[in-house]
Amino acid sequence: MNSEPQKSPAHGSASVDRYDAIIIGAGMAGMYQLFRLRELGLSVRVFETGGGVGGTWFWNRYPGARFDSESYSYGYSFDEKLLQEWNWTEHFSPQPETLRYLELVADRLELCKDIEFNSRITTAVFDENESVWEVTTESGRRALARLLISAVGILSAPTWPRIDGINSFKGEAYHTARWPHDPVDFTGKRVGVIGTGATGVQVIQEIAKTAGHLTVFQRTPDYCTPLGNRPIDDETQRRIKASYPEIFAKCRGSFGGFLHESDARSTLEVSEEEREAFWEKLYRDPGFAMWLGNFSDILFNKEANDLVSEFVRKKIRERVRDPETAKKLCPQNHGFGTRRVPQETAYYEVYNQDHVDLVDLRETPIERITATGIQTSRAEHEFDIIVYATGFDAVTGAFDRIDIRGRGGLKLKDKWADGPRTYLGLQGVGFPNFLTLVGPHNAAVFCNIPRCIEQNVEWVTDLARYMHENGYTRIEPTLAAEDAWTQHVYEMVNMTLLPTADSWFMGANGNVPNKKRTFLAYLGGAPAYRARCDEIAAKGYEGFVLE
Ligand code: NAP
């Protein structure tokens, strides 16, 4: 292996840099993959659209952005020294601190020398004769590599709503996932926010503190539960640092890589008093306790789910003073936990304030955006600022924004037109040597993501080592393996209630024309996924053809 790039004259007249591996994206996955492959002695180039490292935490700078995972369960686990040196200041870290952490990691590991920032890859084409990928960036820069590894993120392709007149608004307009680097001042302003998912909830709580008037446009209410954030005091800091092995072991053993693990009991086997007491406790507990620490059947059994849904609706009604507003905030068309549960800090109390209004878009849809505001079927609302918290073209969107062509010119977008097809969420037939970290149908999509990123990256690193040691230059899954995995993904999710709700897990936010409604994650759980990946590797990469 050669850690320096080579000049290749073979492709076109101009010479093109040739690397052992190209990684798309310098978020948490791309950063760690770069580090691991470089350790192997490979020459690696990372192309990153943004102007810095951090991915999600680089782009999502909106006020109120913070972890929903416990901070100390989120950082990289591989660098013991960094774990001891770094101090998370809050149990659920705010975005600026997380970005500082990732920038520090990049500095310590000297990652930036191998990353080209402000370099969006527009095409990636597989050369069958040479078994190499050629990528081209927006500025026309070309590069070749044997391995192409995507680390593009699952929620990195923001979507704007398809509403007439969206470009005609003369005030300030921001998407939460493309937030400016300079702070936006809401003081005394008339602000409209569209979207009430996990992002909307965070940004609404924050904007309400200073806005002159805030109007929230809600299409689907979610079951939000208390985050329970608080500063980390010195004693807790010491305890956390002493218990990192236990923290990571717990995450490793849990279904979603979080510190929360479901209770083995069924909702229906305990008495009503016991159930209520348990739910009261979970509702008070921080983080995803209510979602992921609940009875084992809440996402499988409709009767159990109805009961817990009603418990959370009751909480909403208790917290919102105006019964009409409370009613609008109570989800009716899906069950608790079937969509990602937003975590809140006094979110519901925002609606008890005189300067905050809630518009239910099911009753009064938006007709158009005007030069001065938002026109619904009932009224025109005038604004100084409109904030779009309208989500993402989830999981496949960032792939679709690149023209990726595999064997025989097959376009990835076409291959996935009826939903993703992959083996382990890591590779698809027709795309040799193209590995997708946190790709569709990968357990990392439904996970405390750094925990699963580490697993994905380490597995791909082992594969790269194996290929080198055995002289392989090409890997691709068999059709049988891809078929079996894809079927397995759907079998697992169909045992749950998740397909009953429209959510980004189902690729269903309505803003992406022709996006098929299909499950994009994997619900077999992180431990089972890891075991399967390890077993496949131990059997000489069973289900893959290595040449
Ligand atoms: P989202 O969950 O997809 O929510 C988008 C919101 O915008 C929804 O309320 C949606 O309504 C609404 N919307 C979309 N298009 C609309 C339209 N045309 N008209 C009116 N309303 C529209 O996106 P998100 O809130 O950005 O969150 C996505 C995911 O990012 C989360 O689920 C979570 O996994 C992650 N996230 C994590 C954190 C964290 O860990 N701290 C924070 C924020 C986000 P419908 O529901 O009706 O589609």
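Source: prediction; values computed, not measured. (Residues numbered from 1 in each chain as written. Predicted model: local features only at pLDDT ≥ 70, side-chain atom pairs only at ≥ 80, totals over all residues. Heavy atoms only, no water.)

## Thoughts on the overall build of the protein chain
Then comes step 1: Secondary structure summary: the protein chain contains 17 helices and 21 strands in total.
Then comes step 2: In summary, the protein chain has a C-alpha radius of gyration of 24 Å against a globular reference of 24 Å for 547 residues, a match within 12%.
Then comes step 3: With respect to the three principal axes, the spread of C-alpha positions in the protein chain is 70 × 55 × 45 Å.
Then comes step 4: When the 547 residues of the protein chain are sorted by exposure, 59% land in the buried category.
Then comes step 5: A sequence separation of at least 24 residues applies to 71% of the contacts in the protein chain between residues at least 6 apart. (Helix = DSSP H or I, 4+ residues; strand = E, 2+ residues; numbered from the N terminus. Rg over C-alpha atoms; globule rule 2.2 N^0.38 Å. Buried < 20%, exposed > 50% of the residue type's maximum accessible area, 1.4 Å probe, protein only. Contact = heavy atoms within 4.5 Å.)

## So, the site of the ligand
Then comes step 1: Neighbouring the ligand are 26 residues; Arg-66, Thr-199, Arg-219, Thr-220 and Trp-504 lie closest to it.
Then comes step 2: Here an oxygen atom of the ligand sits 3.0 Å away from a polar atom, N or O, in the main chain of Thr-196.
Then comes step 3: In the model, an oxygen atom of the ligand is placed 2.6 Å from a nitrogen or oxygen of the Trp-504 side chain.
Then comes step 4: Summarising the interface, the protein chains cover 87% of the accessible area of the ligand, which totals 910 Å² for the free molecule.
Then comes step 5: With three residues, the single largest contributor to the shell around the ligand is helix α5 (residues 198–207).
Then comes step 6: By residue class, the composition of the shell around the ligand is 10 nonpolar, 10 polar and six charged. (Near = heavy atom within 4 Å. Polar contact = N/O pair within 3.5 Å; in protein donor to acceptor, adjacent residues only side chain to side chain. Areas by Shrake-Rupley, 256 points an atom, 1.4 Å probe, with all protein chains shown as cover. Nonpolar A, V, L, I, M, F, W, Y, C, P; charged D, E, K, R; others polar.)

## Some remarks on the sheet that holds strand β13 (residues 356–360)
Then comes step 1: Strand order in the open sheet formed by five strands is β8-β17-β9-β10-β13, and the pairing between neighbours is parallel. Either end of the sheet is taken by a strand with one partner, and the two such strands are β8 (172–175) and β13. Between one strand axis and the next, the sheet turns through 15 degrees on average, direction left out of account.
Then comes step 2: Note: β8 against strand β17 (residues 385–388), four bridges, orientation parallel. The residue of β17 that forms the bridge with Ala-173 is Ile-386.
Then comes step 3: Each of β9 (190–194), β10 (213–218) and β17 touches α5; the most contacted strand, β9, lies at about 170 degrees to it. (Pairing = 2+ DSSP bridges. Axes fitted to C-alpha atoms, helices over the stretch in contact; angles between N-to-C directions.)

## Concerning the domain arrangement of the protein chain
Then comes step 1: Each assigned domain of the protein chain is listed with its residue range as follows: domain 1 (6–53 + 111–157 + 394–546) and domain 2 (254–336).
Then comes step 2: For domain 1 and domain 2, the distance between their C-alpha centres works out to 35 Å.
Then comes step 3: Each partner contributes residues to the interface: domain 1 has 15 residues there, and domain 2 has 13 residues.
Then comes step 4: Looking only at domain 1, the three residues that lose the most surface to domain 2 are Phe-446, Asn-448 and Leu-497, adding up to 44% of its buried area.
Then comes step 5: Linking domain 1 to domain 2 there are zero salt bridges.
Then comes step 6: Applying the counting criterion to the domain 1 and domain 2 interface returns four residue pairs in polar contact (both at pLDDT 80 or more). (Domains from an automatic or database assignment. Buried area = accessible area lost by both parts, 1.4 Å probe. Salt bridge = Lys/Arg side-chain N within 4 Å of Asp/Glu carboxyl O.)

## Details of helix α16 (residues 479–494)
Then comes step 1: Over its 16 residues, α16 extends 22 Å from the first C-alpha to the last, a length consistent with the 22 Å expected when each residue adds 1.5 Å.
Then comes step 2: Among the residues of α16, those classed as buried are Ala-481, Glu-482, Trp-485, Thr-486, Val-489, Met-492 and Val-493. Down the axis of α16, the sector holding all buried residues measures 130 degrees, keeping them to one side. Residues of α16 that are exposed and angled more than 90 degrees away from the buried face: Leu-479, Ala-480 and Asn-494. (Expected span 1.5 Å × (residues − 1). Arc of directions from axis to C-beta.)

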